[in-house]
Amino acid sequence: MKQHIDTAPVWEVYRQDCECPMCLLYGKSEAANVGYFLGESVMEPSQRIEVNQKGFCAGHFKQMYDAGNRLGLALITHTYMKETMKKLGDIAVQARDAAASEAGKPIFKRFGGSKGAGFQEPVGALKGIEDSCLVCERIRENMERYMYTLLYMYRHEPEFPELFAKSKGMCLSHYAQALEMAPKHLSGDVLKRFVDTLTELETKSFERLEGEIEWFTSKFDYRNQDKPWGNSRDAVKRSVNKLCRQVIED
Ligand SMILES: [Zn+2]
Ligand SMILES: [Zn+2]
C-alpha cells in the first residue's frame, strides 16, 4: 500500500476513552460519506454513474433520508431507480421462466433436491441490488486505510504501543479486522506483541463489561435501588456496541 500515511486521525481517537477507537473513525467516515452523496459533488457525471449502478443499502438510505435533504435524495434516487428498473426487466424474465419450468415439472421432481433451483438467479440478483452500497464500500476502503495506519504506527511510532496498551481494545468487528490485517503488515516479535496485547485487552474489556451489564440488571432489584450505579448506567449501549460495532450513538 503505497500512499501518504496520515497518522493524526488514529492518534486522535486513541486519546479518547471509548470501547473501540476504530468505531469512532467508522462513525466519522460514515457521516462524511452520507453527507458527500447528498452533496453537490455527486452531480458529477462519473460519480452519478457509480451511484446509479450501486445505490445504497437500507441503513444508509435511511440515514440519507433522515439527513433531510429531500431534493438531493430525490434526484439520486430517481436515476438509481431508472437503472434498477433495467435490471428488474431481466429479473422478471428469469422469475417467469423459473416459475414456468417449475410448474411444468412432474410432481415427484418438484419435491426433489432441485426444487426451485431456477429461482436462484433472480433471487441472487435481487439480493445483489439490496446489498450493494456505495457508502458501505467507501467506509470499507477508509477503514482498511485506518487499520493499516494503526499497524504502521504500532511498528514505527515509538509512543503508540504504550497508548494502544492503555485502550479498551476494540469491538468484535474491528478486532476481526485487526487480526486479519496484522499478519499482512506486521511480522516477528512486533506481530506477536500486537496480537497478545490486543487479545488481552479484549479479554479484560469483556470481563469488565460483563460485570457492568450484570450490575445494570441487578439495579432493577428493589434491594439494590439505593446502591450506586457505578459505570453501569450506559452498560447496555456499550455492550451492544462492543459485541458488533458502534451501532448505538451517544
Ligand atoms: Zn469498532
Ligand atoms: Zn451501506
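In this text the structure is predicted, and so the values were computed from the model without any measurement.

Parameters and conventions
- Residues numbered from 1 in each chain as written.
- Chains lettered and ligands numbered in written order.
- Predicted model: local features only at pLDDT ≥ 70, side-chain atom pairs only at ≥ 80, totals over all residues.
- Heavy atoms only, no water.
- Donors = N, O, S within 2.8 Å, 3.2 Å for Na, K, Ca; no water.
- Tetrahedral: all angles 85-135°; square planar, octahedral: opposite > 155°, others 65-115°.
- Buried < 20%, exposed > 50% of the residue type's maximum accessible area, 1.4 Å probe, protein only.
- Helix = DSSP H or I, 4+ residues; strand = E, 2+ residues; numbered from the N terminus.
- Arc of directions from axis to C-beta.
- Contact = heavy atoms within 4.5 Å.
- Phe/Tyr/Trp six-rings, centres within 6.5 Å; stacked < 30°, edge-to-face > 60°.
- Lys NZ or Arg CZ within 6 Å of the ring centre and 35° of its normal.
- Core = buried A, V, L, I, M, F, W, Y, C linked by side-chain atoms within 4.5 Å.
- Expected span 1.5 Å × (residues − 1).
- Patch = residues over 30% accessible without salt bridge, like charges linked within 9 Å, V, L, I, M, F, W, Y side chains within 5 Å.
- Areas by Shrake-Rupley, 256 points an atom, 1.4 Å probe, with all protein chains shown as cover.
- Salt bridge = Lys/Arg side-chain N within 4 Å of Asp/Glu carboxyl O.

### Remarks on the coordination of the zinc ion (ligand 1)
Here is step 1 of the chain: Coordination of the zinc ion (ligand 1) by the protein is provided by Cys20 (SG), Cys23 (SG), Cys171 (SG) and His174 (ND1), with metal-donor distances spanning 2.0 to 2.4 Å.
Here is step 2 of the chain: Around the zinc ion (ligand 1) sit four donor atoms, and with donor-metal-donor angles ranging over 99 to 116° the site reads as tetrahedral.
Here is step 3 of the chain: Among the residues examined, Cys171 registers a relative accessible area of 1% and is labelled buried.
Here is step 4 of the chain: On the basis of relative accessibility, which here comes to 2%, the residue His174 falls in the buried class.

### Some words on helix α3 (residues 45-54)
Here is step 1 of the chain: Among the residues of α3, those classed as buried are Gln47, Arg48, Val51 and Asn52. Mapping the buried residues of α3 onto a view down its axis gives an arc of 135°, with all of them on the same face. α3 presents Ser46 and Ile49 as exposed residues on the side facing more than 90 degrees away from its buried surface.
Here is step 2 of the chain: Against α2 (21-38), α5 (70-104) and α8 (134-156) lie the buried residues of α3.
Here is step 3 of the chain: With its phi angle positive at about 65°, Gly55 sits one or two positions after the end of α3.

### Structural notes on the packing of aromatic side chains
Here is step 1 of the chain: Counted according to the given criterion, the structure contains 13 aromatic pairs.
Here is step 2 of the chain: Between the aromatic rings of Tyr14 and Phe164, the centroid separation amounts to 5.7 Å while the plane-to-plane angle is 35°, which identifies the pairing as tilted. In this pair, Tyr14 sits in helix α1 (residues 8-14) while Phe164 sits in helix α9 (residues 160-165), placing the two residues 150 residues apart along the sequence.
Here is step 3 of the chain: Taking 6.1 Å as the distance between ring centres and 40° as the angle between the ring planes, the aromatic pair formed by Phe61 and Tyr80 counts as tilted. Pair noted here: Phe61 is in helix α4 (residues 58-66) and Tyr80 is in helix α5, with a separation of 19 residues, a long-range link.
Here is step 4 of the chain: We classify Phe61 as partly exposed; its relative accessible area is 23%.
Here is step 5 of the chain: Judged by relative accessible area, which is 10%, Tyr80 ranks as buried.
Here is step 6 of the chain: An aromatic cluster of at least three residues, connected via ring pairs, comprises Trp11, Tyr14, Tyr154, Phe160, Phe164 and Phe194.
Here is step 7 of the chain: The ring of Tyr146 carries the charged tip of Arg145 above its face, separated from the ring centre by 5.5 Å.

### Examining the nonpolar core
Here is step 1 of the chain: Counting 45 residues, the largest nonpolar core has Met22, Leu150, Phe164, Met170 and Phe194 as its most contacted members.
Here is step 2 of the chain: Of all elements in the fold, only α1, α2, α5, α8, α9, α10 (172-185) and α11 (188-218) reach the threshold of two or more residues within this core.
Here is step 3 of the chain: The element best represented in this core is α8, accounting for 11 residues.
Here is step 4 of the chain: Excluding residues within four positions of it along the chain, Met22 makes contact with Tyr14, Met143, Tyr146, Met147, Leu150, Met170 and His174.

### Considerations on α2
Here is step 1 of the chain: Taking 1.5 Å of rise per residue, the 18 residues of α2 would be expected to cover 26 Å, and the 27 Å separating its terminal C-alpha atoms lies within 8% of that figure.
Here is step 2 of the chain: Within α2, burial applies to Pro21, Met22, Cys23, Leu24, Leu25, Tyr26, Ser29, Glu30, Asn33, Val34, Phe37 and Leu38.
Here is step 3 of the chain: Of the surrounding elements, those touching the buried residues of α2 are α1, α3, α4, α5, α8 and α10.

### Considerations on the side chain of Asn224
Here is step 1 of the chain: Locating Asn224 in the fold gives a position in the loop between α11 and α12 (235-243).
Here is step 2 of the chain: Apart from residues lying up to four places away in sequence, Asn224 is in contact with Trp215, Ser218 and Lys219.

### Structural notes on the coordination of the zinc ion (ligand 2)
Ideal geometry at a metal centre gives angles of 109.5 degrees when four donors are arranged tetrahedrally and 90 or 180 degrees when six donors are arranged octahedrally.
Here is step 1 of the chain: Around the zinc ion (ligand 2), the protein supplies Cys57 (SG), His60 (ND1), Cys133 (SG) and Cys136 (SG) as donor atoms, at distances of 2.0 to 2.3 Å.
Here is step 2 of the chain: Each of the four donor atoms bound to the zinc ion (ligand 2) contributes to angles spanning 102 to 116°, and the resulting shape is tetrahedral.

### Quick word on the side chain of Arg138
Here is step 1 of the chain: Tracing the sequence through the fold places Arg138 in helix α8.
Here is step 2 of the chain: With relative accessibility at 17%, the residue Arg138 sits in the buried group.
Here is step 3 of the chain: The residues contacting Arg138, other than those within four sequence positions of it, are Asn33, Tyr36, Phe37, Gln47 and Glu50.

### Points about a nonpolar patch on the surface
Here is step 1 of the chain: A contiguous nonpolar surface patch, about 380 Å² in accessible area, is contributed by Met81, Met85, Leu88 and Leu126.
Here is step 2 of the chain: Residue contributions to the nonpolar patch peak at three residues, all from α5.

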